[in-house]
Each structure stands twice: as C-alpha cells, then as structure tokens.
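Structure at a glance
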Amino acid sequence: MSAPLDVVVIGGGQAGLAAGYYLRRLGLGFVILDAQTEAGGAWQHAWDSLHLFSPAAYSSLPGRPMPVQTGEIYPDASHVVGYLTAYEERYELPIRRPVQVQGVHRDGQLLRVETDCGTWRARAVISATGTWWRPFLPAVPGRDVFRGRQLHTVEYRSPQDFTGQRVVVVGGGNSGAQIAADLAYNTELTWATQRPARFLADDIDGRALFDAATARRRALDEGSTDTGGVASLGDIVAVPPVREARDAGLLKAHPMFSRLIPEGVEWADGTSAEADAVIWCTGFRPALSHLAPLGLRGARGHISTTGTQAVDEPRLHLLGYGDWTGPASATLIGVSRPARDAARDIAQLLGISTPVSARAAHT
Ligand code: FAD
C-alpha cells in the first residue's frame, strides 16, 4: 500500500475535475478515481440530441472557458465531453481509470478507500460521483404487468429506436420534455406529467436558473425570505427543440396515469392508452452507496452537510449532487464555487496554508 495522500477525489466528471483544479492550486497531494474508461462523466452517455440549456460561456469550469461550438448556441453533449477531456489534460489532473470505489472506511487518522483496483488511504475524501448512475423510478402500480418495453432516461438514445411505436413519456422536467419533443414527430406520443407542464419563458435559459439558485442561497444564508430559487421560475427550459414541438402543438401534457396495465397505461377515470414503450424520465438520486460504511445517513436517508462538508465526518466533502451541496452545484458553471470552498476547507483541516494566489482564484 502506498503512502497516504492528502485527498482522494471519487468521481472524474465535471465536479471531480473542478475539485482537482483547486486542490492542485493549493498544492495538495491527491488522486481522482473514476469508474469510467474515458473522460466526460455522465455526458458520455447522454441521448443523441441532448444540448446544454446554457450557452458555452455560461457552462465553464474554473480557469478554462468552454469554447463556442461552431453553429450551436447551446453546445451538445459531445462538445462537453471534448471540453472535459481537454480540461483534464490541460491541468494534468492525476486521474485513474477505470477504478470503481466500493467503500470508504474510517481507519484511525485516515480514510481508507477500497476499490476494485486496490486500496488508497487519505486524510480527506471528496465524493463527486453524480446522480446518473442511480436512476429513480416511481412506485407506480402495474410496472411488473406491462408487456411492453420500459426504460429510464439513462437508456434512451434516439427517436429512431421507436419509429411508428406508441410511446408514453413520463415526467414534467427537462429530460421528460426534451425526450417527448424528440419523439413527437415519428411516434404516437403520450406525455404524462404529475402536474401541468410549466415552461419557463422562452427567453430564459440556464443563465437565469443559475442566478436564481445563487439568489436563493444568498437569501437563505442571510435569513431573508426564501426566493423559491429555480422552482419559482418553472420546470422546463424551452430549448429550441422543445419550443418547436410545443409551438407545433405536438407537446401536450396529460395528467399522470394511475397504473400500468398489460397493454399500456390507465388513468383513474378508467380511460387508457395502449403503449409499446414507457420511458421513465423521473429523475435520479445521488450515487452514494460507496459511503455506506461511514454510516452517515440520517433518518430520512440523507447525509447532513454544512456547505459541502459532511456534518458527522468533517474529512468528507460531497460535491455536485444538488443544491444541498452548494447553489447549482450540479451544473457546469455552478460547481466551481463549492469545489473551491471544499478544497480550501480541506487545506485548513489538514493545516496546509493557503497560497494567496489560490484564495484569489476564480469564483
Ligand atoms: P457525473 O458527470 O455523473 O460524474 C461522476 C463520475 O463519477 C462519473 O464518471 C462516474 O462514473 C463516477 N463514479 C460514480 N460512482 C463511482 C464510484 N463508486 N467509484 C468511482 N467513480 C464513480 N448541467 C449544466 O450545467 N447544463 C446543462 O445543460 C445540463 N443538462 C443536463 C441534462 C441532463 C439530462 C442531466 C441528467 C443533467 C444535466 N446537467 C446540466 C447537470 C449536470 O451538469 C450533469 O448531471 C453532470 O454530469 C454532473 O456532473 P458530476 O461530475 O457531478 O457527475
């Protein structure tokens, strides 16, 4: 077993890279362990037509602006993968792939990180494993009796896989709206949402969402009235394909059905729709099973944090999972600030002095 490091970062998506950027600036010894074989985190697995909901200039990690994608205001997922690949090369981040972390354990003064490729020990750990790897499916009755195909957002690729089929898309968030728009032209589409679809104004995109999340966190920190953040604006960014399908009258949301039946889906009033496939665009949960040995989950299954730091294990930081680890921290632009704060807090915890240049780094 090699000498202990200052920090092990688990996950080499955008959050892990942002953490690496600041750890390097602070001069800490670290490694990033990533389960993927290639750079890019979850962006490598996005469906074919997925584009960012913000322009490149509003989708950058610290230090290196995302270049504009020729011909696109909103870059596509392959552009993000290219950007993340160049980013980790540019900063020569010490990434090991593919390494699947199986468990993080307390080991005296250290944390021990067990993986399928051996064991690392460190004085602190940053967990940045994202959510894509833990798709969420709601407990709707009849999921086991439906005879068609069921898949989650993570398995959807392209409308060509469903040409001419009767498809039910479930979910009123961005994934649901975008996949429904994708399928609107070549399938018999039913789009089911828990509550009426709420589109943001056409001129609002990810920039405004980031501003709203930041304003909310500031209000909460100052003890002011909760602004409602992103949720107060709506659920769905009207990116161009969504807008086009909606304006063509092809994107009509139906109320959520009450159960699946062998032939399709059925609403509470007894009406039904036949379906060949149901696509569950019903979200994700943080991928945190590797932290189970630390026993940090509270009564509601949640790990308590102050900022990014786990309340009951100060050597552990959680980065990028959602607003509970920093405003908009699950976005490209939003992860910088919590990554900087996590690296700085770890340096302080380990008694490593912070160079002025790092303190003044990108915010
Ligand atoms: P990931 O990209 O998931 O990276 C985590 C990495 O950790 C992965 O490489 C994974 O393999 C690895 N990992 C997981 N578990 C382990 C383990 N046990 N051991 C080792 N490695 C592990 N954000 C924006 O800013 N703009 C957008 O337009 C936007 N659109 C989105 C659209 C969709 C459909 C989704 C789902 C998200 C979108 N996001 C967007 C949010 C966010 O930017 C992405 O989800 C992003 O992938 C999150 O990055 P991450 O680094 O936190 O996680």
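In this text, all values refer to a predicted model and were calculated from it rather than measured experimentally.

**Overview of the overall build of the protein chain**
- Within the protein chain, the regular secondary structure consists of 7 helices and 17 strands.
- Overall, the protein chain is about 65 × 40 × 40 Å in size when its C-alpha atoms are taken along their principal axes.
- Residue burial in the protein chain is summarised as follows: out of 363 residues, 48% are buried.
- Surface exposure of the protein chain reaches about 16,500 Å², of which carbon and sulfur atoms provide 49%.
- The centroid of the 34 positive side-chain charges in the protein chain is displaced by 7 Å from the centroid of its 37 negative side-chain charges.

**Structural notes on the nonpolar core**
- Formed by 36 residues in total, the largest nonpolar core has its most connected members in V7, L61 and I126.
- Elements represented by at least two residues in this core include exactly β1 (5-10), α1 (14-26), β2 (30-33), α2 (77-90), β6 (118-127) and α6 (336-349).
- Considering every element that reaches this core, the biggest residue donor is α1, with 8 residues.
- Setting aside anything within four residues of it in sequence, one finds L61 in contact with Q14, L17, A18, Y83, L84, Y87, L332, V335 and S336.
- Counting 26 residues, the second-largest nonpolar core is a separate cluster that includes A77, F162, V237 and I279.

**Describing the sheet that holds strand β12 (residues 264-266)**
- Here 3 strands make up an open sheet; going across it, the order is β11-β12-β13 and the pairing antiparallel. The open sheet has two edge strands, β11 (259-261) and β13 (272-274), and neither has a second partner. For this sheet, the mean angle separating the axes of adjacent strands, direction not counted, is 25°.
- In this sheet, β12 lies alongside β11 in antiparallel orientation, the contact comprising 3 bridges. Paired with R259 across the bridge in β12 is E266.

**Notes on the site of the ligand**
- By nearness alone, 30 residues border the ligand, and D34, F53, V101, A330 and L332 come closest of all.
- Contacts to the ligand include D34, whose side-chain N or O atom sits 2.6 Å from an oxygen atom.
- Contact with the protein chains covers 90% of the free accessible surface of the ligand, which is 980 Å².
- For the shell around the ligand, the class distribution of residues is 17 nonpolar, 12 polar and 1 charged.

**A word on the sheet that holds strand β14 (residues 277-280)**
- If you trace the 5 strands from one edge of the open sheet to the other, you get β7-β14-β8-β9-β10, paired in parallel fashion. Among the strands making up the open sheet, the edge pair consists of β7 (149-152) and β10 (253-255). The sheet shows a mean angle of 25° between the axes of neighbouring strands, taken without regard to direction.

**Details of the domain arrangement of the protein chain**
- Here the domain parsing of the protein chain yields domain 1 (5-133 + 284-360) and domain 2 (149-199 + 235-280).
- One C-alpha centre belongs to domain 1, the other to domain 2, and the line joining them spans 32 Å.
- Across the boundary between the two partners, domain 1 contributes 12 residues, which contact 13 residues of domain 2.
- Of the roughly 990 Å² buried where domain 1 meets domain 2, counting both sides, 63% is carbon and sulfur surface.
- Of all residues in domain 1, W47, F53 and F284 bury the most surface against domain 2, accounting for 52% of the area lost on that side.
- Across the domain 1-domain 2 interface, the total number found is 0 salt bridges.
- The interface formed by domain 1 and domain 2 contains 3 residue pairs in polar contact (both at pLDDT 80 or more).
- In terms of residue class, the side of domain 1 that touches domain 2 is built from 8 nonpolar, 3 polar and 1 charged.

**A look at the pattern of salt bridges**
- As enumerated under the stated definition, the model contains 18 salt bridges in all.
- A salt bridge links D34 to R97, with the nearest nitrogen and oxygen atoms 2.7 Å apart. Residue D34 is located in the loop between β2 and α2, and its partner R97 is located in the loop between β3 (95-96) and β4 (101-107); the two are separated by 63 residues in the primary sequence.
- A relative accessible area of 6% means that D34 is categorised as buried.
- Overall, R97 belongs to the partly exposed group, its relative accessible area being 23%.
- The salt bridge involving R106 is made with E313; its shortest N-O contact spans 2.7 Å. Residue R106 is located in strand β4, and its partner E313 is located in strand β17 (residues 313-318); the two are separated by 207 residues in the primary sequence.

**Focus: the packing of α1 against α2**
- Interaxial distance between α1 and α2 falls to 11 Å at its minimum, and their mutual angle equals 25°. Relative to α2, α1 is oriented roughly parallel. The handedness of the crossing between α1 and α2 comes out as left-handed. Together, Q14, L17 and Y21 of α1 and L84, Y87 and E88 of α2 make up the contact between the two elements.
- Here the contact of α1 with α2 is composed, by residue class, of 4 nonpolar, 1 polar and 1 charged.

**Describing helix α3 (residues 174-183)**
- Of all 10 residues in α3, 8 are buried; the element is thus mostly enclosed.
- Three or more residues of α3 are buried, namely G176, A177, Q178, I179, A180, A181, D182 and L183.
- If you follow the buried residues of α3, they end up packed against β8 (166-170), β9 (188-193), α5 (240-247) and β14.

**Comments concerning the environment of I346**
- Following the sequence through the fold, I346 ends up in helix α6.
- Separated by 131 residues in the primary sequence, I346 and A215 have C-alpha atoms spaced 26 Å apart.

The rules behind these values
- Residues numbered from 1 in each chain as written.
- Predicted model: local features only at pLDDT ≥ 70, side-chain atom pairs only at ≥ 80, totals over all residues.
- Heavy atoms only, no water.
- Helix = DSSP H or I, 4+ residues; strand = E, 2+ residues; numbered from the N terminus.
- Buried < 20%, exposed > 50% of the residue type's maximum accessible area, 1.4 Å probe, protein only.
- Areas by Shrake-Rupley, 256 points an atom, 1.4 Å probe, with all protein chains shown as cover.
- Lys, Arg positive; Asp, Glu negative; His and termini not counted.
- Charge placed at Lys NZ, Arg CZ, Asp CG, Glu CD.
- Core = buried A, V, L, I, M, F, W, Y, C linked by side-chain atoms within 4.5 Å.
- Contact = heavy atoms within 4.5 Å.
- Pairing = 2+ DSSP bridges.
- Axes fitted to C-alpha atoms, helices over the stretch in contact; angles between N-to-C directions.
- Near = heavy atom within 4 Å.
- Polar contact = N/O pair within 3.5 Å; in protein donor to acceptor, adjacent residues only side chain to side chain.
- Nonpolar A, V, L, I, M, F, W, Y, C, P; charged D, E, K, R; others polar.
- Domains from an automatic or database assignment.
- Buried area = accessible area lost by both parts, 1.4 Å probe.
- Salt bridge = Lys/Arg side-chain N within 4 Å of Asp/Glu carboxyl O.
- Parallel < 35°, antiparallel > 145°, perpendicular 65-115°, else oblique.
- Left-handed = near helix turned anticlockwise from the far one by under 90°.

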